[in-house]
Every structure is written in structure tokens, then in C-alpha cells.
Amino acid sequence: MTRNHPIDRRTFVSGAFATGALVAAGAVACGCAANPGDVPASTAAPDLDAMRKGATAATAEANQAVYALLDFSDEREREFASRGLIAAPESLEIVDEDGKLVWNQKAYAFLDDADGLPAEAPDTANPSLWRNAQLNHLYGLFEVMDGIYQVRGYDMTNITFVRGETGWIVFDPLMSVECSQAAFALVTENLGERPVTGIVMSHPHVDHYGGIKGIVSEQDVAERAIPLIVPQGFAEHAVAENVYAGNAMGRRASYQYGVMLEPGAQGSLSIGIGLGQSKGNTSYIAPNDVIAATGETRVVDGVRMEFQMTPGTEAPAEMNTWFPDLNALWVAENCTGTLHNLYTLRGAEVRDGNAWANYLMETKARYGAEAQVTFQAHNWPHWGTDLVNEYLQNTAAMYKFITDQTLMYLNLGYTQNEIANMIELPAALEKNWYTRQYYGTVAHNAKAVYQKYMGWYDANPVNLHPLAPVDTAKKFVEYFGDTDAVLARATRDFDDGHYQWVAQVTNILVFADPTNQQARLLCADALEQLAYTAESGPWRNAYLTGAKELRDGVDADPKYRATGSQDVQKAMTPDMMLDYLGILVDANAAQDTNLIVNLAFTDEDPYLLTMRAGVVLYERNAQSPDADATLTMPRLGMFAILNRDEEAQRAIVVEGDPGVIAKLTEHLVSYDFFFNIVEP
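Parameters and conventions
Each chain has its residues counted from 1, following the order in which its sequence is written. Totals for whole chains, interfaces and linings use every residue, but because this is a predicted model, local features are given only for residues with pLDDT of at least 70 and side-chain atom pairs only at 80 or more, for both listing and counting. Only hydrogens and water are set aside; all other atoms, that is, all heavy atoms of the structure, feed into the side-chain values. UniProt positions are given in the numbering used here, feature names are shortened, and annotations may be inferred rather than shown by experiment. By the criteria applied, helices consist of DSSP H or I runs no shorter than four residues and strands consist of E runs no shorter than two, each listed in order from the N terminus. The contact criterion used throughout is that any non-hydrogen atoms of two residues lie within 4.5 Å. A pairing counts as a salt bridge when a side-chain nitrogen of Lys or Arg comes within 4 Å of a carboxyl oxygen of Asp or Glu. Any residue under 20% of the maximum accessible area for its type is buried, any over 50% is exposed, and the rest in between are partly exposed; the area is computed with a 1.4 Å probe on protein chains only. Only strands joined by at least two bridges in the DSSP assignment are considered to pair. A fitted line through C-alpha atoms represents every axis, and for helices the fit uses only the stretch in contact; the resulting angles, taken between N-to-C directions, go from 0 to 180 degrees. By definition, turning the near helix anticlockwise from the far helix through less than a right angle yields a left-handed crossing, and turning it clockwise yields a right-handed one. For this scheme, ten residues count as nonpolar: Ala, Val, Leu, Ile, Met, Phe, Trp, Tyr, Cys and Pro. Four count as charged, namely Asp, Glu, Lys and Arg, and the remainder, Gly too, count as polar. What is meant by a nonpolar core is a set of buried Ala, Val, Leu, Ile, Met, Phe, Trp, Tyr and Cys residues, joined one to another through side-chain atoms within 4.5 Å. Ring geometry is summarised as follows: Phe, Tyr and Trp rings, the Trp one being its six-membered ring, pair when their centres sit within 6.5 Å, and such pairs are stacked at plane angles under 30 degrees, edge-to-face over 60 and tilted between the two. Two conditions define a charge located above a ring, namely a distance within 6 Å from the ring centre to NZ of Lys or CZ of Arg, and an angle within 35 degrees of the ring normal. Roughly parallel means an angle under 35 degrees; roughly antiparallel means over 145; roughly perpendicular covers 65 to 115; every other angle is labelled oblique. The pLDDT value tells you how sure the predictor is about a given residue, anywhere from 0 up to 100.

Identification of the chain as MBL fold metallo-hydrolase from Eggerthella hominis is taken from an unreviewed UniProt entry. Looking at the Sequence similarities (unreviewed entry) heading of the UniProt record, one finds this comment for the chain: "Belongs to the metallo-beta-lactamase superfamily. Type III sulfatase family."

Help me understand the environment of alanine 182, please; the structure alone is not making it clear to me.
Within the secondary structure, alanine 182 sits in helix α4 (residues 177-191). Excluding residues within four positions of it along the chain, alanine 182 makes contact with Ile94 and Tyr154.

Hey, could you run me through the pattern of salt bridges in this one?
Pairs can form between side chains of opposite charge whenever their charged atoms are close. Tallied over the entire structure, the rule returns 25 salt bridges. A salt bridge links arginine 366 to glutamate 306; the shortest N-O distance between them is 2.7 Å. Residue arginine 366 is found in helix α8 (residues 353-367), and its partner glutamate 306 is found in strand β12 (residues 303-309); the two are separated by 60 residues along the sequence. The salt bridge involving glutamate 314 is made with arginine 351; its shortest N-O contact spans 3.9 Å.

Can you help me understand the side chain of threonine 363 in this one?
Structurally, the position occupied by threonine 363 is in helix α8. The exposure class of threonine 363 is buried, given its relative accessible area of 0%. Each residue touching threonine 363, except ones within four places of it in the same chain, is listed here: Gln308, Asn320, Leu329, Gly368 and Leu392.

Got a minute to help me understand the sheet that holds strand β15 (residues 373-375) in this structure?
Consider a sheet: its strands pair through backbone hydrogen bonds, and that pairing is either parallel or antiparallel. The strand order across the open sheet built from six strands is β11-β12-β13-β14-β15-β16, with neighbouring strands paired in mixed fashion. At either margin of the open sheet sits one strand with a lone partner, and together these are β11 (297-300) and β16 (382-383). Pairing between β12 and strand β13 (residues 319-323): four bridges, direction antiparallel. Residue pairing across strands places phenylalanine 307 opposite threonine 321, the latter belonging to β13.

Which parts of the structure should I look at to understand the sheet that holds strand β1 (residues 85-87)?
Reading across the sheet, the eight strands line up as β1-β4-β5-β6-β7-β8-β9-β10 and stay open at both edges, with mixed pairing between neighbours. The two strands at the open ends of the sheet, each matched to only one other strand, are β1 and β10 (289-291). Direction aside, the axes of adjacent strands within the sheet are offset by 25° on average. Relative to strand β9 (residues 228-231), strand β8 (residues 196-200) runs parallel, the two being bridged by two bridges. When the bridges of β9 are listed, valine 200 appears paired with isoleucine 229. Lying on the sheet, α4 is in contact with β1, β4 (140-145), β5 (148-152), β6 (159-163), β7 (168-171) and β8; it crosses β4 at an angle near 65°.

Explain the packing of helix α9 (residues 385-411) against helix α12 (residues 442-454) here, please?
Relative to each other, α9 and α12 sit at 60°, their axes nearing to 9 Å. Crossing of α9 against α12: the hand is right-handed. Judged by residue contacts, Ile402, Thr403, Thr406, Leu407 and Leu410 of α9 engage Val442, Asn445, Ala446, Val449, Tyr450, Tyr453 and Met454 from α12. When grouped by side-chain class, the residues that make up the contact of α9 with α12 number nine nonpolar, three polar and no charged.

What is the right way to read the pairing of strand β18 (residues 607-612) from this model?
Here is the key point about a regular strand: its side chains alternate between the two faces of the sheet. Burial of β18 is extensive: five of the six residues sit out of reach of the surface. When strand β17 (residues 595-601) meets β18, the two strands line up antiparallel, connected through five bridges. Within β18, the position partnered with valine 597 by the bridge is leucine 609. From the end of β17 to the start of β18, which pair antiparallel, there are five residues. Sheet topology places β18 next to strand β19 (residues 615-620); six bridges connect them, and they run antiparallel. Within β19, the residue paired with leucine 608 across the bridge is glutamate 619. The antiparallel hairpin formed by β18 and β19 contains two residues in its connecting segment, where alanine 613 sits at a positive phi of about 55°.

Is there a simple way to explain the nonpolar core in this structure?
Counting residues in hydrophobic clusters, the biggest one holds 82 residues, and the most contacted among them are Val151, Ile199, Val216, Leu581, Leu599, Leu631 and Met638. Looking at which element gives the most residues to this core, the answer is helix α19 (residues 574-584), with six residues. Counting residues in each nonpolar core, the second largest holds 61 residues, with Val162, Leu339, Tyr409 and Met422 among its members.

In this structure, what is going on with the packing of aromatic side chains? I would like to understand it.
A ring pair, where both rings are aromatic, is described by two values, the distance of the centres and the angle of the planes. Under the defined criterion, the tally for this structure stands at 25 aromatic pairs. Their ring planes at 20° and their centres at 5.7 Å tell us that phenylalanine 161 and phenylalanine 184 sit as a pair that is stacked. Of this pair, phenylalanine 161 sits in strand β6 while phenylalanine 184 sits in helix α4, placing them 23 residues apart in sequence. Both residues of the pair, phenylalanine 161 and phenylalanine 184, count as buried. Where phenylalanine 601 meets tyrosine 607, the ring centres are 5.9 Å apart and the plane angle is 80°; that geometry is what we call edge-to-face. We note that phenylalanine 601, like tyrosine 607, is buried. The rings of Tyr149, Phe161, Trp168 and Phe184 are connected pair by pair, giving a single aromatic cluster. The residue whose ring lies beneath arginine 251 is phenylalanine 675, and the NZ or CZ to ring-centre distance is 5.9 Å.

Help me understand the UniProt feature "domain: Metallo-beta-lactamase" (unreviewed entry) in the chain in this model?
Per the UniProt annotation, the sites labelled "domain: Metallo-beta-lactamase" (unreviewed entry) are residues 156-378. Secondary structure across residues 156-378 comprises 26% helix and 19% strand; the distance between its end C-alpha atoms is 7 Å.

Can you walk me through the environment of threonine 313 in this structure?
Looking at the element boundaries, threonine 313 is found in the loop between β12 and β13. For threonine 313, a relative accessible area of 1% translates into the label buried. When neighbours within four sequence positions are excluded, threonine 313 is seen to be in contact with Glu318, Asn334, Arg351, Ala355, Trp356 and Tyr359.

So what exactly am I meant to see when it comes to the packing of helix α14 (residues 483-495) against helix α15 (residues 499-512) here?
For any two helices packed against each other, the geometry is given by the interaxial angle and the distance between the axes. Where α14 contacts α15, the axes come no closer than 9 Å and their chain directions differ by 160°. Considered as vectors, α14 and α15 are oriented roughly antiparallel to each other. In this structure, α14 crosses over α15, and the sense of that crossing is left-handed. Counting all contacts with α14, which are made through Thr483, Val486, Leu487, Ala490, Asp493 and Phe494, the residues of α15 involved are Tyr499, Trp501, Val502, Val505, Thr506 and Leu509. Broken down by class, the residue content of the contact of α14 with α15 amounts to nine nonpolar, two polar and one charged.

Looking at this model, I keep getting lost on the pairing of β9. Mind explaining?
Along β9, one buried face is formed by Leu228 and Val230 and the opposite face, lined by Ile229 and Pro231, is buried too. Two strands pair when backbone bridges link them, and β9 and β10 are joined in this way by three bridges, in the parallel orientation. Directly across from isoleucine 229, in β10, lies its bridge partner aspartate 289.

Just to check I follow, could you spell out the confidence of the model for the chain for this structure?
In low-pLDDT segments, the atomic positions of the prediction should not be examined closely. Looking at the chain, pLDDT values average 92 and 93% of them are 70 or higher. Scored below 50 in pLDDT, residues 1-41 makes 94 contacts in the model with residues more than four places away or belonging to other chains.

What should I look at first to understand unusual backbone geometry in this one?
The phi dihedral of alanine 225 falls on the positive side, at around 50°, and the residue is not glycine. Unusually for a residue other than glycine, alanine 332 sits at a positive phi of about 50°. Along the chain, the position of alanine 332 falls in the loop between β14 (328-330) and α8.

Shown next, in the form of C-alpha cells:
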């Protein structure tokens, strides 16, 4: 029985791109390979080099088609992005105490022409993404309204200052300590010296709390009783994201945010919610005031705030904030002037598009009639009650459309890759500048919906347990036969503009034999052309980073990483630390290790730790008389064990087996941050 579909499935033209074909979806779609019966004139491997290339004719044509799709004469978003500027340095470079460059707006000067006006988009950039990059290049201190100010363009995130009776209530203090320090200095210089009297962190992504120690210290918070207000679940999810899967997320984030790329017409541009990731020192201070329900209010330094809980939207724990005395609405990262991610490329829990849409409609119902401005953690505010309501509703419609239509397609029997190549936005949603696909895309968000409801399996039993990528690639090469012939055919497909297919087939050759230089270089060239047409900044960065590593190898220079503190690990509860111990243990290597350990914490409830066949299990408020050992220590003694800090471990009192700590840590793994991605 065939699968029926009410809409014709998308087909692709051979050769160059059809006008507008998938350009709106954030990247160029590539046609199928040439007819298998067509034999190239030569089967010799192509002669390629590792140099960056310009745009091909097909790429330039695809980018020109964007001008016909969108109204580039509509400058409302540019006006909003520049409105209320109070002050900005002529150029902006932020360095840490060792001189490491952690944030750089100066590098984006190429976005302006010689007269300081917006430069025309080159053929190597999607004009829509180029325009978004120009708007994110507008940095400095801005007035949202009397009493509310933002420093934008000083990090991936905005930092917001709300004037209280005596000081500032700060929203989302950026990712890096150095960036928040610089932003606070700009505020102080132009608006006067005032202390921080409260901090609201809208959700537990590091770019919204990592810079907190640039504006306050733990001593400040304790001595001045500064409220650190967060949504319920903040601490738990900050740990889960930044510790449990932190190494892999961090490496993948280097692709998403383009941290190893140079900004430029052939390099990184905007990521849709800012210009990229800062590379300074991150920090963490445990919150002390938790919002549990919509409608809860706080008065901080004379400022009234009402909170709306929005869990499962952009983060597992998130909240909006309403200022009833100012008719101002903080929408956190739920509305950001772009289509956001239901699945983020760095990896994270899949978000609930249906809940996201419904929460925004609740926001509209609760506050829309009175709201005169919305402002948020990324990009710029939107003013005017009518526009605020349109903005909320159209953003909600995007997530609802993607969710509903994906569910419709999957119930017709289509798989996630099929759906991603079929789903198309209605024209009324497609042409809104503030819902364009600068960050998330309809294609990969549709896959997220599929994953949320159906998981990874497409029901085809062939895909139940496929071979590992390297084994698959080697078998493909066996079947290909003549690798030079495959490369010759792929080169012809490249000339015809079939970049996605060329990237796929040459990457198979790379996984089969990473030393195949011609396959690496042709794959890099194909990824580069895909980058040039991508409207999504993260897609562009991922393509270009993959191309760079295929050409040059992985560059493990620490300058490409943010400098993570141990603040989050130190803030973990005993449960979290024991969970992390289980993640660090190579259970196969430790399968002969069986231990029972009483953990007698001096500042927490006691725990019983069991290691059974290398698997870490634990019980709270339990101890065993038959334990191999009892460890008496404060909670941070577990931190010393996790980090194999032998000096700090000396403070742990061990009763019983004196070698128990060594046995617990014998098979802990160490993570290599710069692991391979586009090669085995």
C-alpha cells in the first residue's frame, strides 16, 4: 500500500537551482545525483586545493532569488534595532586579564561600506542573513523606555538594567564575566553609579547567567541579600546541560556558533540571536529565590514584577516577566525576532513546539492589551501594542504550524527526512522579518517534532541497528569500486550545483579513508557553497567549520573555548554529583568493581553509594553496616573525588577500606574536547 499525501511531494530540478528552491528554508537544497547510467568523460580523481573558494554561479543565483522573496525596503526591524541608542564605543574589543580576546565587534566592520552605511551583500552570503548580521552589529547602551535599558552587542545575549529606587535590577547577565563587566561599566559611565539590587535569570542556559560574577560577587549577594530570581528547575537544568553532557555540547557548539571561524564575507556572520559566542570566563552563583507558578509577583527595590512560567519552551525551565507599572513585557527567549530552535544543533532536550505556541498565546491573553513594548534576551525590542500582539501571535503560529504539520505528515507515514524536505511555510508567515530562519529552521525543527513524538526509529527494520558510520562507509566504498570514478562523478555534480549530495557522498569516502585528500577537499568545497546560501547563521557556521576542519584538521587551540569555571559543579547537590560519577565511570572497564560505601556528609543527608558491576547506584538517607568504607566529609568532598583532587581528598575521613576512593576513581574517563566530527 502506498502512502498518500494531500500535497505533491517536493521534487528538485536537475542542474542549477530553481528560483527560490529551499532558499527560504535556510539553505540550498541539492538535487539528486546524476543518472547512474551517465558515465563521466573521465574517471580520474579531480585536482583540488585547500583554498577557500568564492561563490559559484549557482550559489550567486540562489542568493539573488532571496531579493524576490522578501521585502528589503521594509526597514522597521532596522529602526527598532537602532532606536534609543544612548552611547557606544567607536570600536569594541573585550579581552580577559591575560589579554585573550573574548568578544570582538570590530571584526564585523566589513558589514559597513566606506561611508559607514550598510554594505551590499556579497554573493557569498544569503542577503537575509547578511541584513540580520548588520542589525546585530548595532551595539551599545539603548533605552527601551524610561527606566529600562539594555546593553546589546556585548555578548551573544543582551543584558538588561531596570531602574529601581536605589539600584539596578539586572536581567540575564550575559555569558562571560568580562563582557558583563564591560556592559556594566558602560551603564555606569552613562547613567551613573548604582548598585545591583536584584538579578533575574530567565532560564538556565549559560549565556544567560555565566557573566553574573562580572556584576556581583557571592559576598555581595550574601551581605546585601540580593535576590537572584529564577524559574523552578533552574539549578537542576543548568547542571544537566552544562555538566552531564557539557563536553559534547561544548564541542558541538563550536560548530553552531562558528567560534573557530573568522568573521567575514566568506566567514561567520550573525547566528540570528547575536554575532556569536563570547570566549571569556563563565561563572555561577546559586539562586536564592525560585518562582514556581504563573502569577507570582515580587517587588524588588520598588519595582513590581509578575512572572509567567513557560517550561518546555526555549528551555526546560523558563519564565517571562510583566512590569505592570511600566506596561512592559520581558519575553525572555520565547520571542527573539527570529524562528528559534525546537532542537538546537549543539544538542539539548527537544523543545515542545505546541507548548511554546500555547504559552505565547497565554502571554498575549494576559498582557497583550496593556503591553506597549516587548524586550528580550536576544536581538531588539518591539514597540506598540498592536505590533506586540502581532509579534506574539505570529511567533506562536510558527511553532504551532511546524508542530501540527509534522504530526500530520508523520501520521501519513512520512519519515523525518522526508518531512523536512516537504514542509513549507504559508506565505503570510514566511515573509515576516521577525520570524525568519536566522537561528532555527523549519526543516530541522520539523525533525525535532518527529523525534519528540516518534523517537529516532522510522519503523523500517533495516534501520533498527545500522552499521557504525566507519563500517558503513567502508562497505559503500567496496560497492563503489573505483573511488576516483566516484570523485569524478561528484565533481560533475558539484559543477551542476548538487552540493548537498556531493557533501554526502564525499563524506562517505572520508569516513572510509580519512587520508583521501581529494574527497576531503571536494566535501569541503560543497559544504562551503551550502554555507554561502544558508539563511540560518548556525547552519552557515556548521558548514564552514566542517569545511575548515576537512581542509586544515582540528585546531585544538584553547583560545576557541570559553573558560569554564567550576562554579556549576561545586553547586551540584549530592544526587547530581553521584549521577555525574556514574557518567564518568567506564562501566565496562569497571565491571569487576563492586563496592558499598557510606557517604556521611557533614552538611547534607547521608547517602549509600553502591557500585555494582561498574554501575553507580545510590540511596538517600541510607547507610549500611556492611559497607566497605564510610567517608565522612562535607558535600564538596564529593567534588574532590570527581575531580581526582588528591590534596583535597586528604580532608576526607575514611573508615574501613583505605583504598576505596582509588577504587571509585580508577576507571573515571577524561574527555577530549576537540573530538572529530566530520571525519572518524
